[in-house]
Amino acid sequence: MKTIRFKFRKTEKVKFISHIEMMNAFMRALRRAELNVVYTQGFNPGMRLVFALPLPVGVSSDSEYVDIWFNIEYECQYAADMLSKALPDGFELLEAFSVEKSTLMEDVGSAIYGFKVNSSCNLKKSLDKLLTLDGIEVDKSNNKGPVDILPYIYKIDYHDENSFSVLCKAGAKGNLHPRLLLKALEKYTGTHIEEISINRNKLFLKVQ
Amino acid sequence: MFDLINVEKPARYTGGEFNEIVKNHAEMLSSYAFCFPDTYEVGMSHLGMRIMYYVINKRESTVCERVFAPWIDMEKLMRANNIPLFSLETKKPLGEFDIVGFTLQYEMSYTNILNMLDLSNIPIRRIMRTEKHPIIMAGGPCAVNPVTLNEVVDMFIIGEAEEVINEVLDLYEDIKKEGLSKDYFLRKATQIEGVYVPKYHDLKKKVRKRIIKDLNNVSFPTNPIVPYLNIVHDRASLELFRGCIRGCRFCQAGFIYRPVREKKASTLIAQTEKILCETGYDEIGMVSLSTSDFSDLKTLCDGMLEHTEKRMVNLSVPSMRIDNFSIDLMKKIQKVRKSGLTFAPEAGSQRLRDVINKNITEEEILNSARIAKEGGYDSIKLYFMLGLPTETDEDVIAIADLAKKILDVFGRKSRINITVSTSFFIPKPFTPFQWCSQISKEEMIRRQKLLKSHMQDKKIKYNWHEFDTSIVESAISRGDKTIGEVIIKAWEKGCKFDSWNEFFNMEKWVEAFNDCSLDIYECASRQIPIDNELPWDFIDVGITKSFLKSEYDKAFKEKTTENCRAKCSTCGIAKYKCGVCLENNQI
């Protein structure tokens, strides 16, 4: 058995594909590639693969990871070539390397998101002001009450009046949903912020 | 484009799925928009669409792209931003295609056709359209009674389209190359067999349906589009045969798709391997009207299982009679999960089953239940129809009795769950019951309550179909030109997605009928005198009217008719000289 970690890009073209749909798309691609994937035991066997961190619908990414278990000791490059050929347009494999022990989901630590927006507020001032607050309370979309997102934000880089990027906490032990930041910005500036695009520029994994 | 982030399931509108075909319009002679008048998830599940997309795109000179009915939230956004309806492949507006073709799968989707045209800024009435508008085509099972859409559609294709679509497109492209008009094309197209053009129809002529004589030699897509979204039938589909040997008298499919033509098991097994390689699906389903009637089922199953097992792929086998063979097969294919079993006796009493020619006895049903019990199944679904011609209260109560007898087979202490579902009988063109009336709404309610009162057992669950949608469907399916006006009125009042309970609006339909001086309830429950001319008489689906009349007579005498393999009932379809008609040396 061998576990290979693939880094890939989820481009604009497929950014509306949900996390579950993407998992299905990968499983179908693996079947087309005729790679010998390990199946889980039990009542309803499924392919053994783990993605690092779900991406919200509508967000693209340059830095996605998936660990896939194989019954055969494939060369990483070979597996990557086969999978790459079978993946639908819009997914681009970037790297493949073997991992000894997969703790991919726990290893996620932080992420950088790039935002492109349209707004009538002074973006630089508003972002600066946001970081001087004692807390940034926003309502989560699932009605679970307000959450303070300030502790999750490590750094905001202003690029120009339509774009900025954020380094933030990510993963199972605390995660910033990128749209919550836009929501906070709307709340604290009182203006409408139109989302043009959000991209996950980087996902940082703790070194094993 | 505008913001798709705010619509539900944006992937319905983005295209780009695996195996999608994208061509350069500039290099094509003609463009065809294949429109399914329902949501993406429904339309993408439809095998006919997968086939036609493949057949048309196989042509080097033609591009075929997909269009679905946008969901309400998307429609609102499109109308607010003045965005016309567009195709998934190249986001081209419908109005810029040469031909816009709709598939008519069920009558309750007709208002969506009007809405899709309107969303494309294409006038819904053909007389309002000009040379700059696309040709509006339609086909599919409901096209056997095309006159309800006479004022909307320029051209209908009657029957199976794989061959005739090429003749139609060849003609269109020749005429376009010569710089002649679309109107000229329509006139010339009347000479193609299977084509009905309302504007140029010669009333003395019958339009004869087209069929594919040999399914082994017709294009079948082994590389269908693999959607990202979880669609209704999210699996590879393999068509075993067309037609049905049974001839249940209420079933339109059983008559209009005659004669039965099978693919060879070897063809199907080869297609299984190809389709799994090219799609990566984890499930493949057999598609036909009655799987058990496939003549070489054992060879087929063994051959398919060989491919599915090694790939960890599920084989799904719907429309299967329950017998020892099928239970053994189920054991093989459902190693992990035991889904429920489904029976469709359609009527509760033997008398009524004879009337509808459902050739299955109570003993056979109970025996199936015994086999299912031994097979370890603990969930059974039973399908029946209420309001079938000649139905009495005893027949209604017999449904409850049959359910109880099945429960007894399993024993009261078993874990069995029985679900009984009833729908209401809807008379359909080209069936022996096409002259029959549908029961009134009051009767529907009374019989449904009667049945409910006899099904008080906790282990038996009872579901019934909506009354009102059955009434509208009945009134439309046997409709004439006036009903076409009703449909336009209903759409103008805001009717769309009528097959979706949350959007169906009976009041608007009642009003639409009233506006045309019709009563919807009378239209639905109309008994047609047997010698009357019918709006669909000019369509020839192969079976003769005298055969339908004799089946009608036999029904009321409670006499059954044997299936096509056992004995030819000389329905008239043998003139096509293929399929089961040749097996029996009937010709």
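Residues numbered from 1 in each chain as written. Chains lettered and ligands numbered in written order. Predicted model: local features only at pLDDT ≥ 70, side-chain atom pairs only at ≥ 80, totals over all residues.

S.K.: Outline the overall build of chain B, supporting the account with residue identities and numerical values.
M.R.: Within chain B, the secondary structure is distributed over 20 helices and 17 strands. Structurally, chain B occupies a C-alpha span of about 70 × 60 × 60 Å along its principal axes. The long-range share in chain B, meaning contacts at least 24 apart out of those at least 6 apart in sequence, stands at 76%. (Helix = DSSP H or I, 4+ residues; strand = E, 2+ residues; numbered from the N terminus. Contact = placed C-beta atoms within 7 Å.)

S.K.: If you had to explain the overall build of chain A to someone new, which residues and values would you point to?
M.R.: Helix and strand counts for chain A stand at five helices and ten strands. Here chain A, with 208 residues, has 34% of them falling under the buried criterion. By sequence separation, contacts in chain A at least 24 residues apart represent 73% of the contacts at least 6 residues apart. (Buried ≥ 20, exposed ≤ 12 C-beta atoms within 10 Å, placed from the backbone.)

S.K.: Residues and numbers for the interface of chain A and chain B, please.
M.R.: The partner chain B presents 20 residues to the 19 residues of chain A that form the contact. Looking at which element gives the most residues to the side of chain A that touches chain B, the answer is helix α1 (residues 19-32) of chain A, with six residues. Partitioned by chemical class, the residues of the side of chain A that touches chain B number nine nonpolar, three polar and seven charged. (Nonpolar A, V, L, I, M, F, W, Y, C, P; charged D, E, K, R; others polar.)

S.K.: Quick one: what's the story with helix α6 (residues 182-189) of chain B, residue by residue and with numbers?
M.R.: All names here are of chain B. Along α6, the positions that sit buried rather than exposed are K182, F185, L186 and A189. The arc that holds every buried residue of α6, seen down its axis, measures 100 degrees, which confines them to one face. For α6, the elements touching its buried residues are β4 (135-139), β5 (155-157), α5 (164-177) and β6 (195-196). (Arc of directions from axis to C-beta.)

S.K.: An account of the domain arrangement of chain A is needed here, citing residue identities and associated values.
M.R.: Residue and element names in this part refer to chain A. Each assigned domain of chain A is listed here: domain 1 (2-102) and domain 2 (107-205). A C-alpha centroid distance of 28 Å is found between domain 1 and domain 2. Every contact between the two is made by ten residues of domain 1 and, on the other side, 14 residues of domain 2. Taken together, the residues of the side of domain 1 that touches domain 2 break down into six nonpolar, three polar and one charged. (Domains from an automatic or database assignment.)

S.K.: Explain the pairing of strand β15 (residues 417-424) of chain B to me, and be specific about the residues and the numbers.
M.R.: Residue and element names in this part refer to chain B. Burial along β15 is one-sided: the residues I418, V420, T422 and F424 are buried and none of N417, T419, S421 and S423 is. Strand direction decides the pairing type here: strand β14 (residues 379-386) and β15, joined by eight bridges, are parallel. Bridge assignment links S379 to a residue of β15, and that residue is N417. For the segment spanning β14, helix α13 (residues 393-410) and β15, crossover handedness is right-handed. As paired strands, β15 and strand β16 (residues 460-464) are joined by five bridges and run parallel to one another. (Pairing = 2+ DSSP bridges. Right-handed = clockwise from strand over helix to strand, strands pointing away.)

S.K.: Describe the environment of V67(B), naming the residues involved and giving the relevant values.
M.R.: Residues and elements named next belong to chain B. Relative to the assigned elements, V67 resides in strand β2 (residues 62-68). Between the C-alpha atoms of V67 and A33, which are 34 residues apart in sequence, the distance is 6.6 Å. Contacts of V67, omitting those with residues within four sequence positions, involve A33, F34, C35, L85, S87 and L94.

S.K.: So what's going on with the environment of I539(B)? Residues and values would help.
M.R.: Residues and elements named next belong to chain B. Here I539 is to be found in strand β17 (residues 539-540). Its 23 C-beta neighbours within 10 Å are what place I539 among the buried residues. Residues within four places of I539 in sequence aside, it is in contact with V144, I158 and V207.

S.K.: With reference to specific residues and values, describe the sheet that holds strand β13 (residues 341-346) of chain B.
M.R.: All names here are of chain B. Here four strands make up an open sheet; going across it, the order is β13-β14-β15-β16 and the pairing parallel. Because the sheet does not close on itself, it has two edges, and the strands there are β13 and β16. Neighbour-to-neighbour, the strand axes of this sheet turn through a mean angle of 20 degrees, independent of strand direction. In the sheet, β13 pairs with β14 via four bridges, with the strands oriented parallel. Paired with L341 across the bridge in β14 is I380. Sheet strands in contact with α13 are β13, β14, β15 and β16, and its direction is about 160 degrees off that of β15. (Axes fitted to C-alpha atoms, helices over the stretch in contact; angles between N-to-C directions.)

S.K.: Go over the sheet that holds β4(B), please, and point to the residues and values.
M.R.: All names here are of chain B. Pairing is mixed across the open sheet formed by six strands, whose spatial order is β2-β1-β3-β4-β5-β6. The outermost strands of the open sheet, each flanked by one partner alone, are β2 and β6. By the bridge criterion, seven bridges tie strand β1 (residues 30-36) to β2 in an arrangement that is parallel. For C35, the partnering residue across the bridge sits in β2 and is V67. Sheet strands touched by α5: β1, β2, β3 (99-103), β5 and β6. Its angle to β1, the strand with the most contacts, is close to 140 degrees.

S.K.: Please give an account of helix α16 (residues 481-492) of chain B that cites residues and values.
M.R.: Under the 1.5 Å per step criterion, the end-to-end length of α16(B) is 17 Å for twelve residues, consistent within 8% with the ideal 16 Å. The complete set of buried residues in α16(B) reads I483(B), G484(B), V486(B), I487(B), I488(B), A490(B) and W491(B). (Expected span 1.5 Å × (residues − 1).)

S.K.: Hey, could you go over the nonpolar core for me, with residue numbers and the actual values?
M.R.: Residue and element names in this part refer to chain B. By size, the foremost hydrophobic cluster in this structure holds 146 residues, and its most contacted members are F34, M52, M137, V144 and M155. Per-element accounting of this core gives the leading share, seven residues, to helix α2 (residues 47-57). If sequence neighbours within four positions are ignored, F34 has contacts with M49, M52, Y53, C64, R66, V67 and G101. Among the nonpolar cores identified, the runner-up in size contains 43 residues, and L388, A400, F410 and F425 belong to it. (Core = buried A, V, L, I, M, F, W, Y, C linked by C-beta atoms within 7 Å.)

S.K.: Residues and numbers for the packing of helix α4 (residues 110-119) of chain B against α16(B), please.
M.R.: Residue and element names in this part refer to chain B. At a minimum axis separation of 9 Å, α4 and α16 run at an interaxial angle of 65 degrees. Considering the relative orientation of α4 and α16, their crossing is right-handed. Taken together, the residues of α16 that come into contact with α4 (itself represented by Y110, T111, L114 and N115) are I487, I488, A490 and W491. Split by residue class, the contact of α4 with α16 holds six nonpolar, two polar and no charged. (Left-handed = near helix turned anticlockwise from the far one by under 90°.)

S.K.: Help me get a handle on the environment of F91(A), residues and values and all.
M.R.: Residues and elements named next belong to chain A. Within the element layout of this structure, F91 appears in strand β4 (residues 91-99). Given 21 C-beta atoms within a 10 Å radius, F91 is considered buried. Those residues in contact with F91 that lie beyond four places of it in its chain are F8, K10 and V14.

S.K.: Now, about unusual backbone geometry: what can you tell me, with residues and values included?
M.R.: Residues and elements named next belong to chain B. Along the chain, R258 connects to P259 via a cis peptide bond; the corresponding omega equals -5 degrees. Relative to the helices and strands, P259 resides in the loop between α7 (253-256) and β10 (261-262). Unlike most non-glycine residues, S517 shows phi in positive territory, near 60 degrees. Following the sequence through the fold, S517 ends up in the loop between α17 (506-515) and α18 (520-524).

S.K.: Run through the packing of helix α8 (residues 265-279) of chain B against helix α9 (residues 297-310) of chain B, naming residues and quoting values.
M.R.: Residue and element names in this part refer to chain B. In the contact formed by α8 and α9, the axes pass within 9 Å of each other and the chain directions differ by 20 degrees. Judged by the inter-axis angle, α8 sits roughly parallel to α9. Every pair of crossing elements has a handedness; the one defined by α8 and α9 is right-handed. Between α8, through A265, L268, I269, T272, E273 and L276, and α9, the contact on the second element is made entirely by T299, L300, G303, M304 and H307. (Parallel < 35°, antiparallel > 145°, perpendicular 65-115°, else oblique.)

S.K.: With reference to specific residues and values, describe the confidence of the model for chain B.
M.R.: On average, residues of chain B score 94 in pLDDT, and 98% of them reach the 70 mark or higher. Here the predicted complex carries an ipTM of 0.90, next to a pTM of 0.94. (pLDDT = per-residue confidence, 0-100.)

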